[in-house]
Amino acid sequence: MLFDITTSNINLTQKPSGIEIGRIRSSIYNRITFSNMNDLKKIVLNHAFCSCNCTGLKKENFLYSNIITLDFDNFTGGKEKLIELIKYLNKNDIYPNLIYETYSSTIDNFRFRMMFLLMRNIEDSQLYERIIKNIASRLGADAHCCDAVRMFFPGKKIIYNKLKINNTDLFIELYGDPDQNICTPKINNEYNNYVKDGHF
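In every chain, residue numbers begin from 1 and rise along the written sequence. Where local features are concerned, this predicted model is filtered to residues with pLDDT of at least 70; where side-chain atom pairs are given and counted, the filter is 80 or more; whole-chain, interface and lining totals use all residues. Side-chain measures here rest on the full set of heavy atoms in the structure, leaving out hydrogens and waters.

### With respect to the side chain of Thr69
Here is the rule we go by: Helix numbers and strand numbers start at the N terminus; a helix is a DSSP run of H or I with at least 4 residues, a strand a run of E with at least 2. Distance and chemistry together define a polar contact, namely a pair of N or O atoms within 3.5 Å, with one atom able to donate a hydrogen and the other to accept it when in protein, and with adjacent residues in sequence counting only for side-chain atoms on both sides. Whether two residues are in contact is decided by their heavy atoms, any of which lying within 4.5 Å being enough.
Looking at where Thr69 falls in the secondary structure, it is placed in strand 5 (residues 62-72). Separated by 2.5 Å, the side chains of Thr69 and Ser51 make a polar contact. If near-sequence neighbours (up to four positions away) are discounted, Thr69 is found in contact with Phe49, Ser51, Arg113, Met114, Met115, Ile132 and Phe152.

See below:
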């Protein structure tokens, strides 16, 4: 199966700042098609990217995507809680495919990005954004990093990868509802108990 991602042609080894960020933003135009996890690992460890096929960083530049990326900046519990979260998602037929630690991550402030590969493309940018916002709200990811053409910086190391492609229709069913309240998401009983029990 093939996946499309749009990247910068600038190689990065640390988090950029200032003028360099503007230079990177203007260089996001390389469409890369990949079919295996090794190719994706090389991208997220070396280049800024958008998790979609796009012609620029404006919403109207979005073409389609079969990749979802979530940004976790305030994840409490460290890697042990992350393992529990992965187990919970897998139990519900949702499979994180790659997780990488960001440049800003520290021992006291664990930060990472979680990527999901989907079986088919989503071509509606509004639906795509709704899915990202709802799953981010449900899982505690950064709800401000949910625009369709969001640029993500690479990270310093891969901490998890699994090639089990996700069912796009399941994501649409669970997270594509326009009536979901982003601030107070509808949480099923199982997930609610999961939170109460301190697993996440």
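Anyway, onward from the coordinates.
### Observations regarding the pairing of strand 5
Short version of the rule: Burial classes: relative accessible area under 20% of the type maximum marks a residue as buried, over 50% as exposed, and values in between as partly exposed (1.4 Å probe, protein chains only). Two strands pair if DSSP finds at least two bridges between them.
The buried count for strand 5 comes to ten of eleven residues, which makes it a mostly enclosed element. Pairing of strand 4 (residues 53-54) with strand 5 involves two bridges; the strand directions are antiparallel. Residue Asn53 lies in a different strand from strand 5, and its bridge partner there is Tyr64. Pairing of strand 5 with strand 7 (residues 112-122), which is carried by seven bridges, proceeds in the antiparallel orientation. Paired with Ile68 across the bridge in strand 7 is Phe116.

### Focus on helix 3 (residues 78-91)
Structurally, the α-helix is built with 3.6 residues per turn, so residues lying three or four positions apart point the same way. To keep it simple, the criterion reads: What a helix is expected to span follows from its residue count: subtract one and scale by 1.5 Å.
Between the first and last C-alpha of helix 3 there are 20 Å, a value that for 14 residues agrees with the 20 Å anticipated at 1.5 Å per step. All of the buried residues in helix 3 are Gly78, Leu82, Leu85, Ile86, Tyr88, Leu89 and Asn90. Where helix 3 ends, the next residue or the one after it, Asp93, has phi of about 65 degrees, a positive value.

### Remarks on the packing of aromatic side chains
Using the following cut-off: Side-chain rings of Phe, Tyr and Trp (the six-membered ring for Trp) are treated as a pair once their centres are within 6.5 Å; stacked means planes under 30 degrees apart, edge-to-face means over 60, and tilted covers the remaining angles.
This model, assessed by the stated rule, comprises eleven aromatic pairs. Judged by centre distance (5.6 Å) and plane angle (65 degrees), the ring pair of Phe116 and Phe171 falls under edge-to-face. Of this pair, Phe116 sits in strand 7 while Phe171 sits in helix 5 (residues 168-175), and the two are 55 residues apart along the sequence. On the accessibility criterion, Phe171 (0% relative accessible area) is buried. Aromatic pair Phe171 and Tyr175: ring centres 6.0 Å apart, planes at 65 degrees, arrangement edge-to-face.

### A short note on the layout of surface pockets
Counted only if it meets this: A cavity, in this analysis, means grid points on a 1 Å lattice covering only the protein atoms where a 1.4 Å probe fits yet has no way out; a pocket is instead an open set bounded by protein on both sides within 12 Å along at least five of seven lines, and a residue lines either one if it has an atom within 4 Å of a point. Grid points are joined across faces, edges and corners, and a volume is the space filled by probe spheres set on the points. Ten residue types, Ala, Val, Leu, Ile, Met, Phe, Trp, Tyr, Cys and Pro, are classed as nonpolar, four, Asp, Glu, Lys and Arg, as charged, and the remainder, Gly among them, as polar.
Here the largest pocket defines a volume of roughly 250 Å³. Forming the boundary of the largest pocket are 15 residues, of which Lys15, Asp71, Asp73, Arg113 and Phe153 lie nearest the centre. The residue makeup of the lining of the largest pocket, split by class, is six nonpolar, two polar and seven charged.

### Examining the side chain of Thr6
Mapped onto the elements of the fold, Thr6 is located in strand 1 (residues 3-8). Looking at Thr6, its side chain comes within polar contact range of the main-chain nitrogen of Cys54, at 3.2 Å.

### Observations regarding the nonpolar core
Spelled out, the test is: We call a set of buried residues a nonpolar core when its members are Ala, Val, Leu, Ile, Met, Phe, Trp, Tyr or Cys and they connect through side-chain atoms within 4.5 Å of each other.
Judged by nonpolar contacts, the single largest core of 45 residues is most densely connected at Ile68, Leu70, Leu82, Met114 and Phe171. At the level of elements, strand 5, helix 3, strand 7, helix 4 (125-139) and helix 5 are the ones that each hand at least two residues to this core. Element by element, the count of residues in this core is highest for helix 4, at seven residues. Beyond its immediate chain neighbours, meaning those up to four positions away, Leu70 contacts Phe112, Arg113, Met114, Phe116, Ile132, Ile135, Ala136, Leu139 and Ala141. Counting residues in hydrophobic clusters, the runner-up holds 15 residues, among them Phe3, Phe34, Phe49 and Phe152.

Fair warning: the whole summary comes from geometry, so function is off the table for now.
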